2 protein chains.
Amino acid sequence: MTFSVSILATGSELLDGRVVDTNSNFVARELSSIGLKLKRVLLVDDDMEELLEGLRTLSTVSQVVITSGGLGPTSDDLTRDLVAQFFGVGVTEYPAARKHLEEYYVKRGRPLDDSNLKQALLPEGSTMIPNELGTAPGFVMTGRGNGPHPVTVCSLSGVPREFYKMFYDTVFPLIKKNAGATTPILRRAFRTFGVPESVAGKLVQASGLPKEVTVSYRAAFPEVHVVLKAPEGVDLDAPANKVRAALNRGVIYTEDSEQTLVQKVQALLIAQSATVATAESCTGGMVATQLTETPGSSEVFKGSVVAYDNAVKISALHVPTQILEAHGAVSAETVRVMAAQVRKAMNTTYGIATSGVAGPGGGSAEKPVGMFYIGVSGPERSFELQCTFGSERRSVRTYATYVALDLLRRTLEGLEIPDTYPVLGGVVAPKA
Amino acid sequence: MTFSVSILATGSELLDGRVVDTNSNFVARELSSIGLKLKRVLLVDDDMEELLEGLRTLSTVSQVVITSGGLGPTSDDLTRDLVAQFFGVGVTEYPAARKHLEEYYVKRGRPLDDSNLKQALLPEGSTMIPNELGTAPGFVMTGRGNGPHPVTVCSLSGVPREFYKMFYDTVFPLIKKNAGATTPILRRAFRTFGVPESVAGKLVQASGLPKEVTVSYRAAFPEVHVVLKAPEGVDLDAPANKVRAALNRGVIYTEDSEQTLVQKVQALLIAQSATVATAESCTGGMVATQLTETPGSSEVFKGSVVAYDNAVKISALHVPTQILEAHGAVSAETVRVMAAQVRKAMNTTYGIATSGVAGPGGGSAEKPVGMFYIGVSGPERSFELQCTFGSERRSVRTYATYVALDLLRRTLEGLEIPDTYPVLGGVVAPKA
């Protein structure tokens, strides 16, 4: 039997539709990256008979069965008993699991009661899988169960981010080892902002990558992530250069697969001992929220004025009434003053400002829903930019937030500033 | 055997991770709405042996099996042969299916070749399910297969919008008919903030709900949603009153299952023709972001000062240096001035302020990571409140944002203001 992996996902929330099972897709993609494929995925209810039958069936067709969910503290969390029964053992309290639970609850100031302590019970003989992000530890156990061959059962928390971490830390290395001669896959990641996925695809396609290199795209709105993969031994340096050339003009903001756009901006600000303040209208504090998401942000971010109301634009940011009357709140002139004023008032190196029509109301023929202006004020240059992005409020606001951050990044990196961002296709055009 | 439905989803794209199976979740939700539940979901590869084994197993546990996918024109589309083999019949061309295909391709100016015509072949004796949105018709067939009882197999296109339409048009009516006396389910939703899930559970449990009423809890951090369900005909008014009494003191912020906390706050502000502005430190603009998420927020929200840096607290919010020196930025005194100043500067009915130690750095013995103050300034009363919530930056900020919004809600509703929020368990205590 060729090596294979199956998944047993449990939870009534999966079968009554409250939750979509995304963990299986995650595992499928990861296995795929090393040339393996999932054999089966089975979703069953929190019912011991159903679970046992499912685990027994999957263990006859796969050498590794991953269970997702059922590790919580309530009576419908059956996975630890399931695995114990499957292997014919009991459950017992693991001191490391208990210690983890105690620390977890204390750290979060939450009460730890008997039902929570159930999560410290693991099948006898299993190895605990730490869960750094949540309460319930997982476990892995190998044995014959009832099947014709030994099977390794890995039981993980069903909460996606916990599942992912436990998978990477413990299960994936184990699968790689057990699967034998799978070829490691080399990767290069390019995180981009400012080019639609379809355009990125065409540009990369046209760059002439060798056949051994596979390209995948992930639209992480409003970013597009491009990943090159190849089996070990294949050169990825030349293909990476082709991608860099294809997606030129600074749309790749990082080649670090973990770094977010705002983290990149913060790193640049720190490196240049620079600071920033924001003056926000349509984004309503979203740029400031992003800039304060990471620890240490107080080093580079001083504050923000959210001037949603025009009266506040006048009183707190000193936008002249004449400008608002002549050009409107959504104008290059207004964001120019906003950016300059907040920079001056908060005594920062840079000021960035946003103003736009987030919708669904408030649009006009001249200034439709989705139109926004971003202003950047800095020591060497200041500029404004206009963009129009669709008409869905949340998307407009998110897109404006990213454009604001990306313009600051481009300024800090000394890159060219586009005339606008190509929301309707096409690459970023250089500013004349 | 009670009536049940299972799903067999096929396609290598599901098992190599290119596509997430969302059709199962769709069916789960629809079944749930009429009081039925999915029994099992099985994802298998396009492999006849795997498919046959899967269909055979599911047909022993369910009266209806829905297959998703495998109806396309290529060699790995096996569903029509699968169902034919399962029922021991052949496949034959259905004129209606052929006509549909011819019209579909002509209408779209696309060539119709032999491989496409494969899609006109259906299992002998099956009933065609029209596919108005795509090429491949589906089919439904009832028989004994190999199982102990008759089973109805409904084979639908795997493309979600085609799947949904075929499900609604044909499969759902059939399920409703076959399932016999399914009862519509009544629901009552209670959205709460300010009581941990474990405590909410204990309080509701102790309220003595009748057996026909089932309770479910969903932790939508930092909220807890409680849902009562009962079959039609059961009285839910009395149980709802019990829940209201159990979760008293205003922790239920809405009984509208769609309304968010900030939407509730906005509705109250609109009803009272009141406005709000925020002065934010540790939340960095998150309260303002929330208050501007909904269309029409400009009616009630004027603006915000994000005073991350102490210099901005002094310059933009006029917090006296002596207060910062004597009490620190994270203090009742500081948020009192911040809330009052932003209310005054932006000329609003209410001002709310946040200041805290979001972490991971910056904590001390006296003011640990996770401690924050919220200040509310209003026309009738102003107050401050201290909370400590764990030590994870994102959670601390989110929790502080919700406490700020909830205090405004309580003020607007004329409810008692708690001394603190019970992150350590227990219900909200009234302010002395």
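Residues numbered from 1 in each chain as written. Chains lettered and ligands numbered in written order. Predicted model: local features only at pLDDT ≥ 70, side-chain atom pairs only at ≥ 80, totals over all residues.

### Quick notes on the overall build of chain A
Across its full length, chain A holds 15 helices and 17 strands. For chain A, the spread of C-alpha atoms along the three principal axes comes to 80 × 55 × 40 Å. Restricting the contact set of chain A to residue pairs at least 6 apart, pairs at least 24 apart contribute 65%. (Helix = DSSP H or I, 4+ residues; strand = E, 2+ residues; numbered from the N terminus. Contact = placed C-beta atoms within 7 Å.)

### Observations concerning the environment of B:Tyr94
Residue and element names in this part refer to chain B. By the element assignment, Tyr94 lies in the loop between strand E4 (91-93) and helix H5 (95-107). Put simply, Tyr94 and Glu124 are 30 residues apart on the chain and 9.1 Å apart in space, counted from C-alpha to C-alpha. When neighbours within four sequence positions are excluded, Tyr94 is seen to be in contact with Ala120, Leu122 and Met128.

### Notes on the interface of chain B and chain A
At the interface, 52 residues of chain B touch 49 residues of chain A. Per element, the largest residue contribution to the side of chain B that touches chain A is seven residues, and it comes from strand E14 (residues 301-307) of chain B. For the side of chain B that touches chain A, a count of residues per class yields 26 nonpolar, 19 polar and seven charged. Across five bridges, the pairing between strand E14 (residues 301-307) of chain A and E14(B) is antiparallel. Bridging from a neighbouring strand, A:Gly303 pairs with B:Ala307 of E14(B). (Nonpolar A, V, L, I, M, F, W, Y, C, P; charged D, E, K, R; others polar. Pairing = 2+ DSSP bridges.)

### Points about the nonpolar core
Among the nonpolar cores identified, the biggest contains 147 residues, and A:Ile374 and B:Ile374 are the most heavily contacted of them. When sequence neighbours within four positions are dropped, the list of residues in contact with B:Ile374 reads B:Val335, B:Ile352, B:Ala353, B:Thr354, B:Glu384, B:Leu385, B:Ala400, B:Val403, B:Ala404 and B:Leu407. Residues A:Leu112, A:Phe139, A:Met166 and B:Ile175 belong to the second largest nonpolar core, which totals 92 residues. (Core = buried A, V, L, I, M, F, W, Y, C linked by C-beta atoms within 7 Å. Buried ≥ 20, exposed ≤ 12 C-beta atoms within 10 Å, placed from the backbone.)

### Overview of the sheet that holds strand E16 (residues 371-377) of chain B
The strand order across the open sheet formed by 10 strands is E17(A)-E16(A)-E15(A)-E13(A)-E14(A)-E14(B)-E13(B)-E15(B)-E16(B)-E17(B), and the pairing between neighbours is mixed. Where the open sheet ends on each side, the last strands, each with one partner, are strand E17 (382-388) of chain A together with strand E17 (383-388) of chain B. Sheet twist, expressed as the average angle between the axes of neighbouring strands with direction ignored, equals 15°. Sheet topology places strand E13 (residues 276-280) of chain B next to strand E15 (residues 350-356) of chain B; five bridges connect them, and they run parallel. Bridge pairing in E15(B) places B:Thr278 opposite B:Ile352. (Axes fitted to C-alpha atoms, helices over the stretch in contact; angles between N-to-C directions.)

### Notes on the pairing of E13(B)
All names here are of chain B. Here E13 lies mainly inside the structure; five of its five residues are buried. Burial of the side chains of E13 extends over both faces: Val276, Thr278 and Glu280 are buried on one face and Ala277 and Ala279 on the other. Note: E13 against E14, five bridges, orientation parallel. Note on E14: the bridge partner recorded for Thr278 is Ser304. The parallel pair E13 and E14 is bridged by helix H11 (residues 286-291), and the resulting crossover is right-handed. (Right-handed = clockwise from strand over helix to strand, strands pointing away.)

### What about the environment of B:Ser395?
Residue and element names in this part refer to chain B. Mapped onto the elements, Ser395 comes out in helix H15 (residues 393-413). On the basis of neighbour counts, which here come to 17 C-beta atoms within 10 Å, the residue Ser395 falls in the partly exposed class. Measuring from C-alpha to C-alpha, the distance between Ser395 and Ser33 comes to 33 Å, with 362 residues separating the pair along the chain. Discounting chain neighbours no more than four positions away, the residues touching Ser395 are Phe389 and Gly390.

### A closer look at the sheet that holds strand E8 (residues 151-156) of chain B
Two strands in a sheet stick together by hydrogen bonds in their backbones, pointing the same way (parallel) or opposite ways (antiparallel). Strand order in the open sheet made by the 12 strands is E6(A)-E7(A)-E8(A)-E3(A)-E1(A)-E2(A)-E2(B)-E1(B)-E3(B)-E8(B)-E7(B)-E6(B), with mixed pairing throughout. One side of each edge strand has no neighbouring strand; the edge strands of this open sheet are strand E6 (127-129) of chain A together with strand E6 (127-129) of chain B. Strand-to-strand twist across the sheet, computed as the mean angle between neighbouring axes with direction ignored, equals 20°. Of the strand pairs in this sheet, strand E1 (residues 5-10) of chain B and strand E3 (residues 64-68) of chain B are connected by five bridges, and their pairing is parallel.

### Here we look at the domain arrangement of chain A
According to the domain assignment, chain A consists of domain 1 (5-179), domain 2 (185-254) and domain 3 (261-413). On a C-alpha basis, the centroid separation for the pair domain 1 of chain A and domain 3 of chain A is 46 Å. (Domains from an automatic or database assignment.)

### A closer look at helix H7 (residues 160-179) of chain B
Owing to its 3.6 residues per turn, the α-helix aligns residues three or four sequence positions apart on the same side. Residue and element names in this part refer to chain B. Over its 20 residues, H7 runs only 24 Å from end to end, short of the ideal 28 Å by more than 12%, given 1.5 Å per residue. Residues Glu162, Phe163, Met166, Phe167, Val171 and Ile175 constitute the buried set of H7. Where H7 is buried, its residues contact E1, helix H2 (23-33), E3, E6, strand E7 (138-143) and E8. Gly180 sits one or two residues past H7 and shows a positive phi near 70°. (Expected span 1.5 Å × (residues − 1).)

### Here we look at helix H9 (residues 237-246) of chain A
Residue and element names in this part refer to chain A. Every buried residue belonging to H9 is among Pro239, Val243 and Ala246, and all of these are buried. An end-on view of H9 places all buried positions within 65° of arc, on one side of the element. Facing away from the buried surface of H9 by more than 90 degrees, the exposed residues are Asp237, Ala238, Asn241 and Ala245. Tucked inside the fold, the buried residues of H9 contact strand E9 (185-193), helix H8 (197-205) and strand E11 (223-231). (Arc of directions from axis to C-beta.)

### Side note on unusual backbone geometry
Residue and element names in this part refer to chain A. With an omega of 0°, the peptide bond between Gly359 and Pro360 qualifies as cis. You can see Pro360 is positioned in the loop between strand E15 (350-356) and strand E16 (371-377). In this model, Asn347 sits at a positive phi of 55°, which is unusual for a non-glycine residue. Here Asn347 lies in the loop between helix H14 (332-345) and E15.

### What about the pairing of E17(B)?
Residue and element names in this part refer to chain B. For E16 and E17, the ladder comprises six bridges, and the chain directions are antiparallel. Pairing of Gly375 across the sheet is with Glu384, part of E17. Between the antiparallel neighbours E16 and E17 lie five residues.

### Some remarks on the packing of helix H10 (residues 261-271) of chain A against helix H15 (residues 393-413) of chain A
Residues and elements named next belong to chain A. In the contact formed by H10 and H15, the axes pass within 10 Å of each other and the chain directions differ by 35°. Viewed along their axes, H10 and H15 form a crossing whose handedness is left-handed. Where H10 approaches H15, its residues Leu261, Val262, Lys264, Val265, Leu268 and Leu269 are matched on the opposing element by Tyr402, Leu405, Asp406, Leu408, Arg409, Leu412 and Glu413. Split by residue class, the contact of H10 with H15 holds nine nonpolar, no polar and four charged. (Left-handed = near helix turned anticlockwise from the far one by under 90°.)

### A few points about the environment of A:Gln341
Residues and elements named next belong to chain A. Structurally, the position occupied by Gln341 is in helix H14. On the neighbour-count criterion, Gln341 (22 C-beta atoms within 10 Å) is buried. Separated by 31 residues in sequence, Gln341 and Asn310 place their C-alpha atoms 15 Å apart. Discounting chain neighbours no more than four positions away, the residues touching Gln341 are Ala279, Leu317 and His318.

### Notes on the confidence of the model for chain A
Residue and element names in this part refer to chain A. Looking at chain A, pLDDT values average 90 and 96% of them are 70 or higher. For the stretch residues 424-432, pLDDT sits under 50, and the model shows 23 contacts to residues farther than four places along the chain or on other chains. Model confidence for the complex is summarised by a pTM of 0.74, with the ipTM given as 0.75. (pLDDT = per-residue confidence, 0-100.)

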